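Spelled out, the chains give:
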Amino acid sequence: MEIAAAMNTNSVPLSAPPDNMLLSNTQQTDVPALLKISMAHFVAALQRWFLPHLLAGVGIFLLVAYVTASTLFVSWAFAFKWLGILGVLSIYGVVAFGYSLFTSCVFALRLACGEWNDFIDNILLLVQERTSNQLVDMNMGLTKPEATHLVRGSVRDVFSSVKNQQTGLPRGLVILCLGMLAAAVRTVLSAKIMKWSGRTIQMGKLFAGRATLVGAIFLNLHFFTTLLLGLCYFVGAMVLVFNIYFVFLLK
């Protein structure tokens, strides 16, 4: 059965409704407020943990700059040597700061997501509404590929509208946080569809037990951020060990 056949072609258009139609009257005020509260938790954690990550990034930066300058520019003429060192300091300084900022953002998001239960619950409700707006009946059966496609599209539309809310923060930070949350929502809903017994699934039953879904989304978000944070630390540790080895090798 095609998804198109399940759409209400008379009263509900196939195209995505405007963003202001996506949110109910209460959600039009709740979602921006909850987004600001959630991002405030993120910023508080970021302010607390940015300096330790910055210091670690500076340590790596100094070692990398020393090893690079000692190996590449040792035989250069004096003027060109200092130009090369200045270039290394500029490039590696930007990279080290970006690494510190990104790692501290992931760490802050990992801490802040524990306070996002209400926000996640509202996001899940919006996804449910967006899905129901595209169907005649939430209890009609859809095949698993159709349901997965419909849910993923609903998640994308919801987060596209939420990202446009004003938070007063740099857009890159908001996109990073919401992007990780969107990945967690897609993963949980898609996994529930795939694990569903039978060949068809009812979207109404998919969203039943929203509290359980919120808990699963939180656990997935926490897992994603932990995994990404571990990868960031691993890369930093490998760079540090590699350059310490060269420091002793140069002696």
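Our structure is the block above this text.
A few points on the structure. (Residues numbered from 1 in each chain as written. Predicted model: local features only at pLDDT ≥ 70, side-chain atom pairs only at ≥ 80, totals over all residues. Heavy atoms only, no water.)

Details of the packing of helix α6 (residues 144-162) against helix α7 (residues 171-195)
Packed helix pairs are specified by the crossing angle of their axes together with the interaxial distance, meaning the distance between the axes.
Okay, so step 1: Two elements in contact, α6 and α7, have axes separated by 10 Å at closest approach and are oriented at 160°. Overall, the two elements α6 and α7 adopt an arrangement that is roughly antiparallel. Considering only the axes of α6 and α7, their crossing is right-handed. Listed contacts from α7 to Lys-144, Ala-147, Thr-148, Val-151, Arg-152, Val-155, Phe-159 and Val-162 of α6 are Leu-178, Leu-181, Ala-182, Val-185, Arg-186, Leu-189, Ser-190, Ile-193 and Met-194. (Axes fitted to C-alpha atoms, helices over the stretch in contact; angles between N-to-C directions. Helix = DSSP H or I, 4+ residues; strand = E, 2+ residues; numbered from the N terminus. Parallel < 35°, antiparallel > 145°, perpendicular 65-115°, else oblique. Left-handed = near helix turned anticlockwise from the far one by under 90°. Contact = heavy atoms within 4.5 Å.)

Re the pattern of salt bridges
Okay, so step 1: Inspection of every chain in the model, using the stated rule, returns 2 salt bridges.
Okay, so step 2: A salt bridge links Arg-210 to Asp-121; the shortest N-O distance between them is 2.9 Å. With Arg-210 in helix α9 (residues 210-250) and Asp-121 in helix α5 (residues 117-132), this pair connects stretches of sequence that are 89 residues apart.
Okay, so step 3: Using a relative accessible area of 23% as the deciding quantity, one classes Asp-121 as partly exposed.
Okay, so step 4: For Arg-130, the salt bridge is made with Asp-157, and the minimal N-O distance between the two is 2.8 Å. Highlighted residues: Arg-130 in helix α5 and Asp-157 in helix α6, separated in sequence by 27 residues.
Okay, so step 5: Here Arg-130 falls in the buried class, since its relative accessible area comes to 3%. (Salt bridge = Lys/Arg side-chain N within 4 Å of Asp/Glu carboxyl O. Buried < 20%, exposed > 50% of the residue type's maximum accessible area, 1.4 Å probe, protein only.)

Examining the packing of aromatic side chains
Okay, so step 1: Per the stated rule, a full pass over the model turns up 4 aromatic pairs.
Okay, so step 2: Measuring from ring centre to ring centre gives 6.0 Å for Trp-116 and Phe-119, while their planes differ by 90°; the resulting arrangement is edge-to-face. The same class applies to Trp-116 as to Phe-119, namely buried.
Okay, so step 3: Here Phe-223 and Phe-224 contribute two aromatic rings whose centre-to-centre distance is 6.2 Å and whose plane-to-plane angle is 55°, an arrangement assigned as tilted. (Phe/Tyr/Trp six-rings, centres within 6.5 Å; stacked < 30°, edge-to-face > 60°.)

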